[in-house]
Structure formats: structure tokens, C-alpha cells
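Chain and residue survey
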Amino acid sequence: MPTVDDILEQVGEFGWFQKQAFLTLCLLSAAFAPVYVGIVFLAFTPDHRCLSPGAAELSRRCGWSAAEELNYTVPGPGPAGDAFPRQCRSYAVDWNQSALGCVDPLAGLAANRSHLPLGPCLHGWAYDTPGSSIVTEFNLVCDNSWKVDLFQSCVNLGFFLGSLGVGYIADRFGRKLCLLATSLTSAVLGVLTAVAPNYTSLLLFRLLQGLVSKGSWTSGYVLITEFVGMGYRRMVAILYQMAFTVGLVVLSGVAYAIPHWRWLQLAISLPTFFFLLYYWCVPESPRWLLSQKRNAQVMKIMGHIAQKNGKSPLTDLKMLSLEEDVTEKLSPSFVDLFRTPQLRKHTFILMYLWFTSSVLYQGLIMHVGATGGNLYLDFLYSALVEFPAAFIILATIDRFGLIRPLATSNLVAGTACFIMIFISHDLHWLNITVACVGRMGITIVFQMVCLVNAELYPTFVRNLGVMVCSSLCDLGGIITPFLVFRLMEVWQGLPLTLFAGLGLIAGGVTLLLPETKGITLPETIEDAENLGKIAKPKENMIYLQIQTSERAGT
């Protein structure tokens, strides 16, 4: 008797229905990009200096150019080119005193301006940018610069806290309900973020949006992989993640066209209300309905898929030989992820892989640092680098499976970090080249680990398994900024040493996972336990009884 994948072969593994659903759900992946990395444009920090009303008045009276005003009234860089004095300190002088002339006004107060006392910025800051960001609006610079890190940490904390709850909802009440609820909530919170009156409310809305937005992305990911047949699920999963990269590219263009953060936030939030149309466009996952023994709805959806794909309709569907102990486990539980030896091992390894991929991906970017070039072009180039990673995956997984390429990519990323420790800072081009190789490796890991994660868990806890394990990615995102910069204070190569160790260990433990190439998605815990072993007994499977009718006989 056929399995779910066998039925999809009859009604169409990747026909018109699946292609339409895939393209529709890819919009979710693209829309998640601004939530995940939108801080690059929402909270960019432009060049700034202390605002001094007295100095500005003197500049107006003397007719100075902008360059002359900066030269006469703003402190120079600190030791070794440190920009802190220039951006966060001002000369503690009375600019209204009559002794100050228009030609080098401070020369009469001290022979060397470096001897003049400096004070804090009492009147705010002047920013050299035609646009705005939360930094410029709320003055998140100098002593308040840590608040920018907190802004991003809040969304990652939201991802982390929301992983368990949203994953449970998707497995308990369905992928579609979870998708619609999280999409609506995320859209509303995105708009509220755009109109936040102060920094505190901004943090609150950002945290709440993090709680639900990742759940929307993950529900779409699991839904599309459960719609297609076994021969296509890896391809659509990888391309679904590539849609995230498309979102990055689009974000750079939208941010360039809209340089003001509130309008930009509205521009990326308002279109997400259209995701509510999924109520009519996307059905519930038949795999999930089958795990809940809702056969009538499975029959209806399979018939709809067959009709859309131009296949013969199904006239009867029955579930047979479902063992009692399996039935008891059809309601998802966090404990199920650790209940049996193999699932327990898989869960711990996948948690580590998610954590490592996040730390290495973000850590490499932070360590290399900003190039000081065009913000929008730099972001665009870094996004484009991720496209080849997807094509490499598509070209290798059918031939080599998932586990070996995943292990190799981790080893490449770890080795690249190790090599960078010994490269002189004067060889900037070589540092950048090796760093790009490392980033390519860890990008491949990021895309593949999600696919491996979904294929190692049975249907009724699949969404929960992905959410729980990927929550370690969010934990890595929370601590990576502090991890990188604190270790660099001790030694600049210390973060790279840590990254190398994490990556090399990840490559080794990956080989402990079973290969899922050519294997049907597990439906029960016993199926998941037997992955990589001999074929499972036929009586322990969930079966479908299918009868088709010819159109001529109806």
C-alpha cells in the first residue's frame, strides 16, 4: 500500500499546484529578510559630531565653509586614529566670547589645540546624512551606542523565545493557522515599530515582532516541503531559502530609495498584510492532517491537488494499521525531541550546528568589519555572494546527499578562520579572500542545516523540531556581538580561534547524523529512529488506501 509520497506521485509531485504554492510561499521568505537584517538600514550610524550652537553662530558670522567649520571647531582624531574625541567630545570653550576671531579662533586660547579641555556633547549631535535612522532620531551614539546592539538583540531574543511556542502551535493546530496568525501579528507590529514614539516602545515592538516573524518563515518552509514529493523537497527547500537572499537584494534597493527609517519600516511592513490572502490560496498540509487522522480533509486536499495538476481524482482514502503507541504520540510535545536515543542525538547535534552557523556567519562579518564604502552597495555585494552557495548545494546534494557536503562546508569555514589567524593585517586582500571563502562555507551550512533538520523528525513534531533546534541560532545571534568585541580586546585573533574550533568540531559531529538521500520523510518516531538503518517493517507505517476512477466511468 502506498505512502504519502507514493500518493503525491499519483496526484503530482511538483505540478501546477505545487509550483503556484511554492512561488506564493516564497514571498514569506523574502519578507523575512528586512526583519532579520533590517537594522543595517534602520539603525545605520552616520558620521557625527557634537552640536554647538555658539560655534554654529560664529561660523555663520564669519562665513566659514563646512570644511572650515569642522577644522576650527571640531576636535581631531584621538590616538591611532581613534574617532571617539571627534564624534563624542567638544571643546569646552565659550564660543560667544568676543576674543574669538574668524581665522583660527582657538589659536589665542592655546598654542596647541590638543591642550584645550574637552567636554561631553551637551547640545546633541549633528549628523552628516541626508536621511534618518533610529540612531539619528534617538541619538544612539557615544555613551548610548550600546542601545543599537540592544535593538538588534531584542529581535533575536524574540526569535529565541518564540521558537518553542510558535513551533508547538504549528504542530498542534496546523501549519496554515500558525502561518496566518504570525503573519498578521508581525505585520501589525511592523507598522507599530514605524510609529513608535520613543526608544522604549521601539524595543517592545521589536521584541514582539521577533516572537512571531520567524514562526511565519518556518511555517512556510515546512508547508512547502510537505506539499511536494520526495524527489523535489530538497530543491524547493533550498530555493525557498534563496528567496530570502532575493529579499536582501530588494531591501538594498528599497532602502536606497527611502533613506528615512520610519517610511522604510512602513514600506517593508504594509505589503505583508497581503499574506492574509493565503487563507484562500494555500491549503493545510495533508501530511499534518494525516498525522491528526483527519482523513476527510486529506481526501479533499489531495483531490484538489490532483485537479490542479490535471491528474485523475481520488475517490476513496483510508488510514490503515496505525499502532496504538503511535497514536498516543500524535500530539506534539517538547519531550518527544529527546524521548528516544536517536532523536536525542539528532536534537543535540542539530542544536550545535545551528548555534555554530549563526556565530560563524555573523562573527566573520563583524570581524572583517565595514569597508567604509557605500552602505547600499556593500550590502548588495554581500547579499549576492549568497546566490552561488545555493547553486553549489543544488549541484551536489543529488550526487552526494546532505551530510557529507554539510560536514565539508563546516570544515571549510573552520579552516578559513584558522588560516586568517596567521595572515598579516597588511595583506588586506588575502584576508578578505579567505574570509569570503569562509563565509561561502558557512552560508552553505546555514541553508543545508534547515533542510537536514526538517528531514530527521517525524511529521507530527517536524515543525517543533525545526523551531527548537533553530532557536540556538537565535541564541548565537544574541551573544555574537559581545563575544567578538570582548575577545578582540584581548587579542584580535582570539575570535577567529574560537570560530575555527567551532567550525571544525561542527564538521566532525555532522558525520554522526544519518544520510536522508532517497528516504521517505519519517511519519512516526519509530521511522525517525530507523533512519540510516535497514528498511522499517511494513506494518509500522502509516498507509493510505487509494482508489482512482476514470473520468469516462463517472
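Look up: the structure comes first, before these words.
Fair warning: this is a prediction, and the values are worked out from it, not measured in the lab.

Here we look at the pattern of salt bridges
- Evaluated as defined, the whole model comprises 5 salt bridges.
- Two residues, Glu226 and Arg175, come together in a salt bridge whose shortest N-O distance is 2.8 Å. With Glu226 in helix H10 (residues 199-227) and Arg175 in helix H9 (residues 175-194), this pair connects stretches of sequence that are 51 residues apart.
- For Glu226, a relative accessible area of 0% corresponds to the buried category.
- Here Arg175 falls in the buried class, since its relative accessible area comes to 0%.
- With a closest N to O distance of 3.6 Å, Glu386 and Arg439 form a salt bridge. Here Glu386 is found in helix H19 (residues 386-400), whereas its partner Arg439 is found in helix H21 (residues 428-455), with 53 residues between them in sequence. Each member of the pair, Glu386 as well as Arg439, is classed as buried.

A look at unusual backbone geometry
- The backbone of Asn139 sits at a positive phi, close to 55°, despite the residue not being glycine.
- Relative to the assigned elements, Asn139 resides in the loop between helix H7 (134-138) and helix H8 (146-173).
- Look at Asn139 and you get partly exposed, because its relative accessible area is 25%.
- For Cys142, which is not a glycine, the phi torsion comes out positive at approximately 55°.
- In this structure Cys142 comes out as buried when scored by relative accessible area, which is 15%.

Here we look at the environment of Glu69
- Looking at the secondary structure, you find Glu69 in helix H5 (residues 66-73).
- Once residues lying within four places of it in the same chain are set aside, the contact partners of Glu69 are Ala56, Ser59, Trp64 and Val74.

Quick word on the packing of aromatic side chains
- Going through the model one piece at a time under the given rule, you end up with 21 aromatic pairs.
- Summarising the aromatic geometry, the rings of Trp217 and Tyr221 are spaced 5.6 Å apart at their centres and angled 15° between planes, so their arrangement reads as stacked. In this pair, Trp217 and Tyr221 both sit in helix H10, 4 residues apart, roughly one turn of the helix. Per residue, the accessibility class of Trp217 equals that of Tyr221, and both read buried.
- Put simply, the rings of Phe32, Tyr36, Phe159, Trp217, Tyr221, Tyr240 and Phe244 touch in pairs and so form one group of aromatic residues.

Thresholds applied
- Residues numbered from 1 in each chain as written.
- Predicted model: local features only at pLDDT ≥ 70, side-chain atom pairs only at ≥ 80, totals over all residues.
- Heavy atoms only, no water.
- Salt bridge = Lys/Arg side-chain N within 4 Å of Asp/Glu carboxyl O.
- Helix = DSSP H or I, 4+ residues; strand = E, 2+ residues; numbered from the N terminus.
- Buried < 20%, exposed > 50% of the residue type's maximum accessible area, 1.4 Å probe, protein only.
- Contact = heavy atoms within 4.5 Å.
- Phe/Tyr/Trp six-rings, centres within 6.5 Å; stacked < 30°, edge-to-face > 60°.

In short, shape yes, function no, at least from these values alone.
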